[in-house]
Amino acid sequence: MSAGTSTTSGATRIARRNGRANAPRPTPGRGRRRFDLLPYALVTPLALFIVVLALVPAAITLVEAFFKAQPLDPPNSFVGLGNFVKLFQDDTIVSSVVNTAYYVVIGVVVSTVLGIVMAVTLQKPFVGRSVLIAVLILPWALPGVVEGIVWSGIWDSNTGLLNSVLSSLHLIDHYQVFLGQNRFVTILVIEIVQVWQMTPLSTLLVLAALQNIPGELYEAASIDGATGWKSFLQVTLPLARPGIAIAMVQAIIATLNVFDQPYVLNGAASTGASVTEQTYFVSFQNLDFGEGYALSLLITIATVVVSLAVVRLVYKPVEF
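Described in the following lines is the structure provided in the data block. Because the structure is predicted, anything quoted here is derived from the model rather than measured.

Cut-offs used in this document
- Residues numbered from 1 in each chain as written.
- Predicted model: local features only at pLDDT ≥ 70, side-chain atom pairs only at ≥ 80, totals over all residues.
- Heavy atoms only, no water.
- Helix = DSSP H or I, 4+ residues; strand = E, 2+ residues; numbered from the N terminus.
- Contact = heavy atoms within 4.5 Å.
- Areas by Shrake-Rupley, 256 points an atom, 1.4 Å probe, with all protein chains shown as cover.
- Expected span 1.5 Å × (residues − 1).
- Buried < 20%, exposed > 50% of the residue type's maximum accessible area, 1.4 Å probe, protein only.
- Arc of directions from axis to C-beta.
- Salt bridge = Lys/Arg side-chain N within 4 Å of Asp/Glu carboxyl O.
- Axes fitted to C-alpha atoms, helices over the stretch in contact; angles between N-to-C directions.
- Left-handed = near helix turned anticlockwise from the far one by under 90°.
- Core = buried A, V, L, I, M, F, W, Y, C linked by side-chain atoms within 4.5 Å.
- Lys, Arg positive; Asp, Glu negative; His and termini not counted.

1. A look at the overall build of the protein
Link 1 in the chain: Scanning the protein from terminus to terminus reveals 14 helices and two strands.
Link 2 in the chain: Sequence-distant contacts, at least 24 apart, represent 68% of the contacts inside the protein between residues at least 6 apart.
Link 3 in the chain: Carbon and sulfur atoms provide 67% of the accessible area of the protein, an area that totals close to 19600 Å².

Right, here's the structure in full:
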């Protein structure tokens, strides 16, 4: 081996040894992840708010539903399923359950169909589209009590706008009573008001799902000879199912828990009373909080069960 080669190899070994000597030594615990309190500090207020506002009342309802809780007839005592038995023996409660079933069927079907139609109409950009969407949100943004008061001016049997218009067109010879007499007519009239409120949100939810559908799919369908209606059935409707499912769930929650519109438009009349109205009447007019808790628990269970059933039937993940 030549001297030059030996010198080079020696220098290389010295450089490597010096590099190892100068390399930073690993410090103890450096590989462990440092615990950060900031995320927990940020989430804690919201978690406490949810616990205090939702979970604690839910737990109280779950427990008190099995107790006799009547302030005018103390003390409270455990009655098991007694409150539930009394509910199903009350004709007024049973009638309100049937009314609520009508509200759910009519409200969910009509608001979902209208939401799909309006979302498809708004899917493609056009002049004034943003203004139309902004106006569309207004009924959803209004409180239910305000809507009930506004629509009472339309349905009123003495000075209502609808009666005035029908009379002016000579379609009726005397003013009609729309609320309080016929059960189905009362429910239909009240549900028109609620559908007017729910449809904008259904439209926005379905429209959000439609915005995620690639335009290439419609182009491919057109190349394959699909008509507009066929493209809607084979492209739009299947790929919008997540948005439709969410829209149906929000409609189910709103109709199962409807209170404002029936109470403002129809008062305490049994022809259009909902289950949520009966919860108020039982608890705060009859002062039977045990039955009120039991009825609230049944409404919650019904809402969860029906919503999960709709999600399982309608919802389907979108895969492109």
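2. Here we look at helix α5 (residues 129-141)
Link 1 in the chain: In a regular helix each residue adds 1.5 Å, so 13 residues correspond to 18 Å; α5 covers 19 Å between its end C-alpha atoms and thus fits that length.
Link 2 in the chain: Residues R129, I133, L136 and P139 constitute the buried set of α5. Within α5, the buried residues cover an arc of 110° as seen down the axis, which keeps them to one side. Along α5, exposed side chains directed more than 90 degrees from the buried face belong to S130, V131, L138 and A141.

3. Comments concerning the pattern of salt bridges
Link 1 in the chain: Under the defined criterion, the tally for this structure stands at two salt bridges.
Link 2 in the chain: Across the salt bridge formed by D288 and K86, the nearest N and O atoms sit 3.4 Å from each other. Of this pair, D288 sits in the loop between α13 (275-285) and α14 (289-314) while K86 sits in helix α3 (residues 82-89), placing them 202 residues apart in sequence.
Link 3 in the chain: Here D288 falls in the buried class, since its relative accessible area comes to 7%.
Link 4 in the chain: The class of K86 is partly exposed, set by a relative accessible area of 37%.

4. Here we look at the environment of D260
Link 1 in the chain: With respect to the secondary-structure elements, D260 resides in helix α12 (residues 260-266).
Link 2 in the chain: Sequence separation between D260 and I149 is 111 residues; the distance between their C-alpha atoms is 9.9 Å.
Link 3 in the chain: Ignoring any residue separated from it by four or fewer positions in sequence, one finds D260 in contact with G144 and V145.

5. Thoughts on the packing of helix α4 (residues 91-122) against helix α11 (residues 241-256)
Link 1 in the chain: Contact geometry for α4 and α11: axes closest at 9 Å, N-to-C directions at 145°. Taken as a pair, α4 and α11 cross one another with a handedness that is right-handed. Residues T100, Y103, V104, G107, V108, S111, T112 and I116 of α4 lie in contact with α11, whose contacting residues are I244, M248, A251, I252, T255 and L256.

6. Observations regarding the nonpolar core
Grouped burial of nonpolar side chains is what soluble globular proteins tend to show.
Link 1 in the chain: Membership of the largest hydrophobic core comes to 29 residues, with the highest contact counts inside it found for V108, V206, L210, I244, M248, V310 and V314.
Link 2 in the chain: Of all elements in the fold, only α4, α5, α8 (183-210), α10 (228-239), α11 and α14 reach the threshold of two or more residues within this core.
Link 3 in the chain: The element that contributes the greatest number of residues to this core is α11, accounting for eight residues.
Link 4 in the chain: Judged by nonpolar contacts, the second largest core, of 14 residues, contains Y103, W155, I172 and V189.

7. Quick notes on the side chain of E147
Link 1 in the chain: Mapped onto the elements of the fold, E147 is located in helix α6 (residues 144-155).
Link 2 in the chain: Buried charge without a salt bridge: E147, with R183 as the nearest opposite-charge side chain at an N-O distance of 22 Å.
Link 3 in the chain: Non-local contacts of E147, meaning those with residues more than four positions away in its chain, are made with P139, L142, V193, W196, Q197 and Q261.

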